[in-house]
Amino acid sequence: MTSEDGTVATRWQNFYKGIARALRILNNMDNARAMGVSEASITQYEGEAYFYIGYAYGMLAFHWGDAILDKTGMTLDEAYTISRSSKADVLAYSYECFDKAVERLPTSYPGIQRATKGAALAFKARIALRNGDYETAATAAKACMDLNVYKLHSNYRDLFTASWSDEW
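Along each chain, residues carry numbers from 1 onward, in the same order as the chain's sequence is written. Under the rules for a predicted model, residues below a pLDDT of 70 receive no local features and side-chain atom pairs below 80 are neither given nor counted, while totals for whole chains, interfaces and linings still include all residues. To get the side-chain values, take all heavy atoms of the structure and skip hydrogens and water.

Participant: Any chance you could break down the nonpolar core for me, citing the residues and the numbers?
Facilitator: Here, the term nonpolar core denotes a set of buried Ala, Val, Leu, Ile, Met, Phe, Trp, Tyr and Cys residues that are joined through side-chain atoms within 4.5 Å. Burial classes: relative accessible area under 20% of the type maximum marks a residue as buried, over 50% as exposed, and values in between as partly exposed (1.4 Å probe, protein chains only). Among the nonpolar cores identified, the biggest contains 35 residues, and Y16, I19, F51, I53, Y57 and L60 are the most heavily contacted of them. Helix and strand assignments come from DSSP, with helices taken as H or I runs of at least 4 residues and strands as E runs of at least 2, each series counted from the N terminus. At the level of elements, α1 (6-27), α3 (39-64), α5 (87-104), α6 (117-130) and α7 (134-145) are the ones that each hand at least two residues to this core. Top contributing element to this core by residue count: α3, with nine residues.

Written out as structure tokens, the structure is:
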């Protein structure tokens, strides 16, 4: 596979489209406040935006190593002139975004499922594992377990046919 393969190119583009959209959300929170959006909603939206940015950069680091690191929402002209950041810098920013998501997200929501503190910590652990950063993975996984929200399914074999599980 090369960078011109449709699957590869689409994955790369979709991560950056999502990052651009999440940065647009973060950059417009003052407008949201001016329109009367509650602080609780703003905090949630910021947490969800940071969650996605952390995930996208973690996956870019895993699949491509070095990547273009956009922390502010650059223009296309800027994007064409910037060089890629090291994989270590991309991962560090991914972890930073997950940490910001953890600060802003609740431990659970009633009804619909949305990103939570536990999801941010679990994805941080997963990204760290995929990239061989076992210390960060262990720390994030332990923090997720310490939330005391999640538990393992009582029978691993039944997990795949269960209609509901606390493990999910």
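Participant: Report on the environment of N27, specifying residues and quantitative values.
Facilitator: Mapped onto the elements of the fold, N27 is located in helix α1. Taking relative accessible area as the criterion, N27 reaches 49% and is therefore assigned partly exposed. With 15 residues separating them along the chain, N27 and W12 place their C-alpha atoms 22 Å apart. For this analysis, residues touch if any pair of their heavy atoms sits within 4.5 Å. If sequence neighbours within four positions are ignored, N27 has contacts with T72 and G73. In the analysis that follows, any N or O atom pair within 3.5 Å is treated as a polar contact, provided that within protein one partner can donate a hydrogen and the other can accept it, and provided that, for residues neighboring in sequence, both atoms belong to side chains. At 2.8 Å, the side chain of N27 forms a polar contact with the backbone oxygen of T72.

Participant: So, the packing of α3 against α5: which residues are in play, and what are the values?
Facilitator: Running from N to C, α3 and α5 point in directions that differ by 155°, and their axes come no closer than 7 Å. Considering the angle they form, α3 stands roughly antiparallel to α5. Note that α3 runs across α5; the crossing there is left-handed. Facing T43, E46, G47, Y50, F51, I53, G54, Y55, Y57, G58 and A61 of α3, the residues of α5 in contact are K87, V90, L91, Y93, S94, C97, F98, K100, A101 and R104. Three classes are used: nonpolar for Ala, Val, Leu, Ile, Met, Phe, Trp, Tyr, Cys and Pro, charged for Asp, Glu, Lys and Arg, and polar for all others, with Gly counted as polar. Taken together, the residues of the contact of α3 with α5 sort by class into twelve nonpolar, five polar and four charged. Think of each axis as a best-fit line through the C-alpha atoms, taken over the contacting stretch in the case of a helix, with angles from 0 to 180 degrees between the N-to-C directions. Small angles under 35 degrees read as roughly parallel and large ones over 145 as roughly antiparallel, with 65 to 115 read as roughly perpendicular and the rest as oblique. A crossing counts as left-handed when the near helix is turned anticlockwise from the far one by less than a right angle, and as right-handed when that turn is clockwise.

Participant: Report on the packing of aromatic side chains, specifying residues and quantitative values.
Facilitator: Here a pair means two rings of Phe, Tyr or Trp (six-membered ring of Trp) with centres within 6.5 Å. Their orientation is stacked below 30 degrees between planes, edge-to-face above 60, and tilted elsewhere. In this structure the tally under the stated criterion is ten aromatic pairs. On the basis of an interplanar angle of 80° and a centroid distance of 6.3 Å, the ring pair of Y16 and Y57 is categorised as edge-to-face. Residue Y16 is found in helix α1, and its partner Y57 is found in helix α3; the two are separated by 41 residues along the sequence. The two residues Y16 and Y57 agree in class, both being buried. When the ring of Y156 is compared with that of F160, the centres are 5.3 Å apart and the planes differ by 90°; the resulting orientation is edge-to-face. Taken together, the ring pairs in this structure connect F15, F51, Y52, Y55, F98 and F123 into an aromatic cluster. Placement of a positive charge over a ring is assigned whenever Lys NZ or Arg CZ falls within 6 Å of the ring centre and within 35 degrees of the normal to the ring plane. The ring of F62 carries R130 above its face, with NZ or CZ at 5.0 Å from the centroid.

Participant: Mind laying out unusual backbone geometry, listing which residues take part and the relevant values?
Facilitator: With a phi close to 55°, N148 is a non-glycine residue in the positive phi region. Summarising the element assignment, N148 is placed in the loop between α7 and α8 (156-159). Of the residues examined, N148 reaches a relative accessible area of 67% and is grouped as exposed.

Participant: Give me the pattern of salt bridges: which residues, what numbers.
Facilitator: The salt bridge criterion pairs a side-chain nitrogen of Lys or Arg with a carboxyl oxygen of Asp or Glu, the two atoms within 4 Å. Scanning the entire structure with this criterion turns up eight salt bridges. Where R104 meets E46, a salt bridge forms, and the shortest distance between an N and an O atom there is 3.1 Å. One end of the pair, R104, is in helix α5; the other, E46, is in helix α3, and 58 residues separate them in sequence. A relative accessible area of 15% means that E46 is categorised as buried. Through salt bridges with shared partners, a single ionic network connects D30, R33 and E39.

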